[in-house]
Each structure stands twice: as C-alpha cells, then as structure tokens.
Number of protein chains: 2
Amino acid sequence: MTDAPTSSSSLADLWKARYRQPPPDGALPENVVVRSLMAHRSVRSFSTAPVPQGVLESAIAAAQSASSSCNFQAWSVVAVTDPQRRARLARLAGDQAFIAQAPLFLVWVADLSRLEHVAEAQARPHVALDYLESFVMAVADTSFAAQNAAAAFESFGLGIVYVGAVRNHPSEIASELGLPPRTVAVFGMCVGHPDRRHPTAIKPRLPQSAVLHHEKYAGGEEEIPAYDACMTRFRTDQGLSAQDWSTSVIGRVRDAAALHGRDRLRMELVRRGFELR
Amino acid sequence: MTDAPTSSSSLADLWKARYRQPPPDGALPENVVVRSLMAHRSVRSFSTAPVPQGVLESAIAAAQSASSSCNFQAWSVVAVTDPQRRARLARLAGDQAFIAQAPLFLVWVADLSRLEHVAEAQARPHVALDYLESFVMAVADTSFAAQNAAAAFESFGLGIVYVGAVRNHPSEIASELGLPPRTVAVFGMCVGHPDRRHPTAIKPRLPQSAVLHHEKYAGGEEEIPAYDACMTRFRTDQGLSAQDWSTSVIGRVRDAAALHGRDRLRMELVRRGFELR
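As the structure is a prediction and not an experimental result, all values here were calculated from the model.

Rules used throughout
- Residues numbered from 1 in each chain as written.
- Chains lettered and ligands numbered in written order.
- Predicted model: local features only at pLDDT ≥ 70, side-chain atom pairs only at ≥ 80, totals over all residues.
- Heavy atoms only, no water.
- Helix = DSSP H or I, 4+ residues; strand = E, 2+ residues; numbered from the N terminus.
- Rg over C-alpha atoms; globule rule 2.2 N^0.38 Å.
- Buried < 20%, exposed > 50% of the residue type's maximum accessible area, 1.4 Å probe, protein only.
- Areas by Shrake-Rupley, 256 points an atom, 1.4 Å probe, with all protein chains shown as cover.
- Least-squares fit on C-alpha atoms with pLDDT ≥ 70 in both.
- Contact = heavy atoms within 4.5 Å.
- Expected span 1.5 Å × (residues − 1).
- Buried area = accessible area lost by both parts, 1.4 Å probe.
- Salt bridge = Lys/Arg side-chain N within 4 Å of Asp/Glu carboxyl O.
- Polar contact = N/O pair within 3.5 Å; in protein donor to acceptor, adjacent residues only side chain to side chain.
- Nonpolar A, V, L, I, M, F, W, Y, C, P; charged D, E, K, R; others polar.
- Pairing = 2+ DSSP bridges.
- Axes fitted to C-alpha atoms, helices over the stretch in contact; angles between N-to-C directions.
- UniProt positions renumbered as here; feature names shortened; annotations may be inferred.
- Core = buried A, V, L, I, M, F, W, Y, C linked by side-chain atoms within 4.5 Å.
- pLDDT = per-residue confidence, 0-100.
- Arc of directions from axis to C-beta.

S.K.: In this structure, what is going on with the overall build of chain A? I would like to understand it.
M.R.: On a plain count of helices and strands, chain A comes out with twelve helices and five strands. In summary, chain A has a C-alpha radius of gyration of 20 Å against a globular reference of 19 Å for 277 residues, a match within 12%. C-alpha atoms of chain A, sized along the principal axes, occupy 60 × 50 × 40 Å. In chain A, which comprises 277 residues, the share counted as buried stands at 62%. As displayed, chain A offers around 10,200 Å² of accessible surface, 52% of which is attributable to carbon and sulfur atoms.

Given below as structure tokens:
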C-alpha cells in the first residue's frame, strides 16, 4: 500500500504517498525532521491512553519557539482534559465525537488581550489593535505556534487533528473557557494515541507545480483534473464514497449555509472586541 | 552563553535559552524534531551561498504535508531568486536589506482563486468565499504550510526570517508577482545560509504559564514584569539598546501609523477580491 509510510520510511516512499507519483530525478535532501513532517496524517480515532507526562510542555516549548511577529506572542492555548468540558466543546464544534474521545483537546486562541493589558498597565493607547491587520497577525502567530506543537506531538508518535469548527460558535466557546475580550478560539486540536484499529492514510495533495511558483504566479489549474482522479482513487481505496476533489470543494463553498455558522464570524469577532477596522 | 544552543544541544539547554530559567522537575520527553524546533532563531544576515539543490522541493513537500482545512489547500507560494525582483520586493516590504541579500525569498500567498476556479469550471456558485471565514481559513492554512517549510529549512542548517511587511503594500506586491484576484501575500520568508559573522541568539519568550492555560483561560499578566526584565537583559547582552518588552509592544500598538500602511489592509483585501463579509 502506498499510503502506509511512516516517519521511518524513505523520503521517496513518503513522496509517493503524498503526491501519488515518484519524486523528481536526483536525490532530494532529507532528514528525520522532514520525514516526520511528511508523515503527517490527521487522526480522528484515539485510544483511551492519556498523553504521556511532559509531552504537552515539550510541545508548547516548540510552539513558543516558532517565529512571532514583532515578538508579540499574540496567542494563548487552553489545554482541556476534563471529560465533561471536552463533551461540551465537542457539541459546540460541529458535534464531532472524536473531540470528546481524544484525551487532550487544545483550543488555540488568537490573543490581543495581553497586548492591550501591556498598554493599559502604563495608561498608553493601543489603537493599532483595532485594525484587521492585528487580527491577521494574531491568526498567523497562533498558527505558527500550533503547527510546531503538531509537529512535536507527531514526533512522539501521537496523532492530532485540527478542528476549525470551534469557529462555529465563538461566543459559546469563549464562555466555556473564560476567554476575555480581544481573544477568540481560532481552531482546536485533538491530541492522543492513534487507535491502531483505525489507521489513517497519508492524504494526497496537489502536485507541487500547482502551488509552488517561480518568480511569478503561474496558475496551475491544469493539474486539477488529474488530482480529481487521484482523490477519487484515494477515497475508494479508503472505503469512502467515490468523490473527486472538485465536487468536495464545490459542496463546501457554494453558499453561506455551507459555513455552518461561520458566516457570522465577522460579527462574532467584533462582539469579542476585534474591531477589524 | 545561554543563547548559543543549537539543535544538537540538550533540551535542558534549549529550554534555558528560550525561557531563561531551568526546565521543570522531571525529565521532559525530547527528540531531534523537538530540539530542531526549539533551536529556532530568526536570521537576518545571510552568506552569498545559494540554497542547495532540492532543498526547496523537500521543504514544500513538508509544507504540503501540513493539515489543510477541508483539504482546501488554500495557499500558494512564489519562490523568488532573481536579484532585481528581490531588490524591488525588499523596497516594498519595509526597505529591509536582508530581503535583497537572502538568496531565496518566498512569498506565501493566501489563495482562494484556485477554489473559485474549481467552482467556475463547473459553473457553480462560490458564495462562501466572500466571507471573512474563508480568508481566515486561508491565512491559517498558509501559516501551517509555511511553518512546516520553516522547520524543514532549519533542519537542513539554513536560516529563515518571516517578513510581515509584505502586507504594507499588498497591491504592489501582487503586481510584481502577477497574483490574481482572491489571492494576497500574507507574509514573506527569507531563506539562506546564516552569515557566521553575525550569529543570532535564541530569543527568550514569556514563561509557559503565561500562554498555556488548563481547562480555563487564566490571564498570566503577573508574569510580564519579570519578562520585561528578561528582555532588557537579553537585548543588553546582544549589544542592543536596553528596552523592555512592554515598551517595545507599546511603541508598536499605539496608533495606526505604527502599522506602516497595514492600517489599509482591509481596504486592500477588498480590492483584491476578498469581500470579508
């Protein structure tokens, strides 16, 4: 099976699983870090074993080591292990059972409240925080940190899945976690030991030529029909309904209802103190 | 020196450099991936040596292996090596000399144009793309991908620095790179061999207790005075002016002018086809 490779597989095997085609001619440089990153698959089925002692602290150290715009560190993370709270968060986040199942649920928070506090502690203005730019900066900072944590968790053999559905009900999530104004949950992350009875595969991506451009942006739409066929084959191999990528995308972008409440995100952000000027 | 550790140092030494305090009691789990992530420092001075053959392709394979919301893959990256173009981009992005100096400048692009193309190719609606939610999702996807690439570059001994200043002049950057509507440069990334004559240190971060919360958000502002003192010592050690973190933050959030043009980001995004409803 081409989707079985792990971080101890060769880069060539990981490449074949990710792109469903052989790597380019000539040896690609590789190492254990790159192989670990390339072996990612989202895990939505977890064993009951808790996350081992110290793993969260190591992963957060990796997260805090990621770049941060102006060293603003405009994020926080809430680690939820309480089963009742996980169950409530699962209901708020698209009713996804694996959130309640994973022993650890991290809620990653874009956090401008700390910067506001710093300015207010010295009775200074903080007008820049009211601009969309500051929110975008915070989302990027939060995402860099979370991705480093994801890489760290996976390097320990744990599985993760991001949960964008925490944006379905930002106010309710904020109430549940006691989030102050100028903070918002951007995404969640389930962490746990993958349930070996439900192994997951490396999902094929668009060929590099569709996303990597040289000197100027150069489209790449001509790659989509082949990728559609690739994704249909992948889903069939996984025992899922035969559906190509285009059909999946179209179903999810067609109207506001497809956003599952996230069409209200702008209003919710304003309500949470992000003016988004 | 506590800021000298590299990915081959112990986790304890990396922890001390990052937090300026010893790690918690009890062994923290660690491995080469976590140490490589923790050894990050931004590099703003590069040798003239080009990025070795194949490194970009390996790094982009790592980037594409990051999680992607709904498998939308809503990002692109433009790799710029042409010296004239790098010089023009450097001028547009805060006139920062290291952009022209780095042999490779990556412009990371939030890209909803591919999804629009998929829907339009089948004459289907794509109303969800007009919502702020879709832009936020694209920024997060782009950031996950870029952070994996950063980790890959650094694992090969290369240095990187993110460049948020590509958001100062989004339209001009788009013209330079031929970016279509519904795409925008979210940040740049310089890549190259660090100039050994100007080594950079691991920057201290807030203690974990300020960003990692358990079950409920719990502030952490009480940690800021000690961190202010820590950053002043760090800057003095680096031969920089003695400035604490609060002062640096206050200078950057005080007014719209401190955003260097990014106070127009919302208008620029609307102009580029993101309705941000």
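Still more to cover.
S.K.: Got a minute to help me understand the relation of the copies chain B and chain A in this structure?
M.R.: Aligned on chain A, chain B shows an RMSD of 0.0 Å; the corresponding rotation is 180° and the shift along the axis is 0.0 Å. Each copy turns onto its partner about a two-fold axis. Most of the interface of chain B is mirrored in chain A, where 100% of its interface residues again form contacts.

S.K.: How should I be thinking about helix H7 (residues 132-155) of chain A in this particular structure?
M.R.: Along an α-helix, a turn takes 3.6 residues, which lines up residues three or four apart on a common side. All names here are of chain A. Its 24 residues give H7 an end-to-end C-alpha distance of 35 Å, which sits within 8% of 34 Å, the value for a rise of 1.5 Å per residue. Counting buried residues along H7, 23 of its 24 residues qualify, which places the element largely inside the surrounding structure. Within two residues after H7, Gly157 carries a phi angle of roughly 85°, on the positive side.

S.K.: Teacher, can you tell me more about the interface of chain B and chain A here?
M.R.: The parts lose accessible area when they come together, and the size of an interface is often stated as this lost area. If you look at the interface, chain B gives 121 residues, while chain A gives 121 residues. For the pair chain B and chain A, the summed buried area comes to about 10,500 Å², and 62% of that belongs to carbon and sulfur atoms. It is Glu133, Glu215 and Tyr217 of chain B in chain B that bury the most area against chain A; as a group they hold 8% of the surface buried on that side. In this structure, the connection of chain B to chain A is made through six salt bridges. If you look at where chain B meets chain A, you find 68 residue pairs in polar contact (both at pLDDT 80 or more). The element that contributes the greatest number of residues to the side of chain B that touches chain A is helix H7 (residues 132-155) of chain B, accounting for 15 residues. Here the residues of the side of chain B that touches chain A are counted per class, giving 66 nonpolar, 31 polar and 24 charged. Relative to strand E1 (residues 75-80) of chain B, strand E5 (residues 212-214) of chain A runs parallel, the two sharing three bridges. Across the sheet, the residue bridging to Leu212 of chain A is Val77 of chain B, located in E1 of chain B.

S.K.: Teacher, can you tell me more about the sheet that holds strand E3 (residues 159-163) of chain A here?
M.R.: Sheets are built from strands paired through backbone hydrogen bonds, the pairs being either parallel or antiparallel. Pairing within the open sheet is mixed, and its five strands lie in the order E3(A)-E4(A)-E2(A)-E1(A)-E5(B). Here the strands that pair on one side only, and so sit at the sheet edges, are E3 of chain A together with strand E5 (212-214) of chain B. On average, each strand axis in the sheet is inclined to that of its neighbour by 25°, with strand direction left out of account. The pairing of E3 of chain A with strand E4 (residues 183-192) of chain A spans five bridges and is antiparallel. Paired with Val163 of chain A across the strands is Gly188 of chain A, a residue of E4 of chain A.

S.K.: Explain the UniProt feature "domain: Nitroreductase" (unreviewed entry) in chain A to me, please; I cannot follow it from the model alone.
M.R.: With numbering aligned to this structure, UniProt lists the feature "domain: Nitroreductase" (unreviewed entry) at residues 38-193 of chain A. End C-alpha to end C-alpha, residues 38-193 of chain A measures 19 Å, and it is 44% helix and 19% strand.

S.K.: Help me out: how do you make sense of the sheet that holds strand E4 (residues 183-192) of chain B in this one?
M.R.: One open sheet holds the five strands; their spatial order is E5(A)-E1(B)-E2(B)-E4(B)-E3(B), and the pairing between them is mixed. Each of the sheet's edge strands pairs with one partner strand only, and the pair in question is E5 of chain A together with strand E3 (159-163) of chain B. When strand polarity is set aside, the average angle formed by the axes of neighbouring strands in this sheet is 25°. Both strand E2 (residues 104-111) of chain B and E4 of chain B contribute to a ladder of eight bridges, which runs antiparallel. Following the sheet pairing, Val109 of chain B is matched in E4 of chain B by Ala185 of chain B.

S.K.: Where do I start with the nonpolar core in this structure?
M.R.: Nonpolar side chains in soluble globular proteins tend to be buried together. Grouped together as the largest cluster of nonpolar side chains are 160 residues, with contacts concentrated most on Trp108 and Phe153 of chain A together with Trp108 and Phe153 of chain B. Apart from the residues lying within four places of it in its own chain, the contact partners of Phe153 of chain B are Val55, Leu56, Ala59, Leu104, Leu106, Leu158, Ile160, Met189 and Val191 of chain B.

S.K.: Where do I start with unusual backbone geometry in this structure?
M.R.: Backbone geometry follows two general trends: most residues other than glycine have a negative phi, and most peptide bonds adopt the trans configuration. Residue and element names in this part refer to chain A. The residue Cys70 is not glycine, and still its phi comes out positive at about 55°. Tracing the chain through its elements places Cys70 in the loop between helix H3 (55-65) and strand E1 (75-80). The class of Cys70 is partly exposed, set by a relative accessible area of 34%. A positive phi angle, close to 60°, is found at Leu276, a residue other than glycine. Topologically, Leu276 is positioned in the segment after helix H12 (265-271).

S.K.: For this particular structure, what's the right way to read the pattern of salt bridges?
M.R.: Pairing is possible between side chains that carry opposite charge, provided their charged atoms lie close to one another. Under the definition given, this model contains 28 salt bridges over all chains. The partner of Glu133 of chain B in a salt bridge is Arg262 of chain A, and the shortest N-O contact between them spans 3.2 Å. With one member in each of two chains, Glu133 of chain B in helix H7 and Arg262 of chain A in the loop between helix H11 (245-253) and H12 form a pair that bridges those chains. Using a relative accessible area of 4% as the deciding quantity, one classes Glu133 of chain B as buried. For the salt bridge of Asp13 of chain B with Lys16 of chain B, the shortest nitrogen-to-oxygen distance reads 3.7 Å. In this pair, Asp13 of chain B and Lys16 of chain B are both assigned in helix H1 (residues 11-19), three residues apart and thus about one turn of the helix distant. Among the charged side chains, a network of salt bridges with common partners joins Glu116, Asp130, Arg182, Glu275 and Arg277 of chain A.

S.K.: What am I meant to see in the confidence of the model for chain A here?
M.R.: A low pLDDT means the predicted coordinates there should not be read in detail. Summary statistics for chain A give a mean pLDDT of 96 and a share of 99% for residues scoring 70 or more. Taken over the whole predicted complex, pTM reads 0.98, whereas the ipTM for its chain interfaces reads 0.98.

S.K.: So what exactly am I meant to see when it comes to the environment of Arg235 of chain B here?
M.R.: All names here are of chain B. If you trace the backbone, Arg235 turns up in helix H10 (residues 224-237). Considering only alpha carbons, one finds Arg235 and Leu265, 30 residues apart in sequence, at a separation of 31 Å. Every residue in contact with Arg235, bar those within four places of it in the chain, is listed here: Leu240, Ser241 and Gln243. Engagement of the side chain of Arg235 in a polar contact is seen with the backbone oxygen of Ser241, the distance being 2.9 Å.

S.K.: Even after reading the chapter, I still don't get helix H4 (residues 83-92) of chain A, so can you show me in this structure?
M.R.: All names here are of chain A. When we look at burial in H4, the residues that qualify are Arg85, Arg86, Leu89, Ala90 and Leu92. One side of H4 carries all its buried residues, which in axial view fall inside an arc of 160°. Seen from the open side of H4, the exposed residues pointing more than 90 degrees away from its buried face are Gln84 and Arg91. Where the residues of H4 are buried, they touch E1, helix H5 (97-101), strand E2 (104-111) and helix H8 (170-177). At the exit of H4 stands Gly94, carrying a positive phi of roughly 75°.

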